[in-house]
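Coordinate analysis (summary)
Read off the chains here:
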Amino acid sequence: MSEGTPPPAGGAQIPGAEKKLVAGILGILLGYLGVHKFYLGYTKEGVIQLIIGVCTCGLTGIISLIEGIIYLTKTDQEFVDTYITNKKGWF
């Protein structure tokens, strides 16, 4: 287990973990527009990805595809610690 937030008692869902599935799917389907970044609250990173995605006609979509897969393969605790608590904007 990571050193972040301790897991809630009684098997309750970790606050912030509900964003994992939606962020992963958005990253895979619409990530080249930075939608998953905006959803997680990373406005600066979202704008950067949107501009690059539009300028390259979506050729940078592989980056967001990888990010979406990373989101979905992390445990709920790892996802919350990395992207909600520590605000890691890229990979």
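Whatever comes next refers back to the structure up there.
What you are looking at is a predicted structure, and each value in this text was computed from that prediction instead of being measured.

Considerations on the overall build of the protein chain
From N to C terminus, the protein chain includes 5 helices and 0 strands. The linear arrangement of helices and strands in the protein chain, starting from the amino end, is α-α-α-α-α. Burial analysis of the protein chain (91 residues in total) assigns 34% to the buried set. Contacts spanning at least 24 positions in sequence make up 62% of the contacts within the protein chain whose residues lie at least 6 apart. Here the protein chain displays about 5200 Å² of accessible surface, and carbon together with sulfur accounts for 69% of that area.

Details of the packing of helix H1 (residues 19–30) against helix H4 (residues 61–73)
The N-to-C vectors of H1 and H4 enclose an angle of 160 degrees; their axes lie 7 Å apart at closest approach. For the element pair H1 / H4, the angle class is roughly antiparallel. Here the hand of the crossing between H1 and H4 comes out left-handed. On H4, the residues touching Lys20, Leu21, Ala23, Gly24, Gly27 and Ile28 of H1 are Ser64, Leu65, Gly68, Ile69, Tyr71 and Leu72.

Remarks on the packing of aromatic side chains
Scanning all chains against the criterion turns up 3 aromatic pairs. Geometrically, the ring pair formed by Tyr71 and Phe79 is edge-to-face, given 5.7 Å between the ring centres and 80 degrees between the ring planes. The residues Tyr71 and Phe79 share a single accessibility class, namely buried. Where Tyr71 meets Tyr83, the ring centres are 4.8 Å apart and the plane angle is 70 degrees; that geometry is what we call edge-to-face. Taken together, the positions of Tyr71 in helix H4 and Tyr83 in helix H5 (residues 76–85) put the pair 12 residues apart, joining distant regions of the chain. Through a chain of ring-to-ring contacts, the aromatic side chains of Tyr71, Phe79 and Tyr83 assemble into a single cluster. Directly above the ring of Tyr39 sits Lys19, whose terminal nitrogen or CZ lies 5.9 Å from the centroid. A cation over an aromatic ring shows up here: Lys37 above the ring of Trp90, its NZ or CZ 4.4 Å from the ring centre.

Quick notes on the rules
Residues numbered from 1 in each chain as written. Predicted model: local features only at pLDDT ≥ 70, side-chain atom pairs only at ≥ 80, totals over all residues. Heavy atoms only, no water. Helix = DSSP H or I, 4+ residues; strand = E, 2+ residues; numbered from the N terminus. Buried < 20%, exposed > 50% of the residue type's maximum accessible area, 1.4 Å probe, protein only. Contact = heavy atoms within 4.5 Å. Areas by Shrake-Rupley, 256 points an atom, 1.4 Å probe, with all protein chains shown as cover. Axes fitted to C-alpha atoms, helices over the stretch in contact; angles between N-to-C directions. Parallel < 35°, antiparallel > 145°, perpendicular 65-115°, else oblique. Left-handed = near helix turned anticlockwise from the far one by under 90°. Phe/Tyr/Trp six-rings, centres within 6.5 Å; stacked < 30°, edge-to-face > 60°. Lys NZ or Arg CZ within 6 Å of the ring centre and 35° of its normal.

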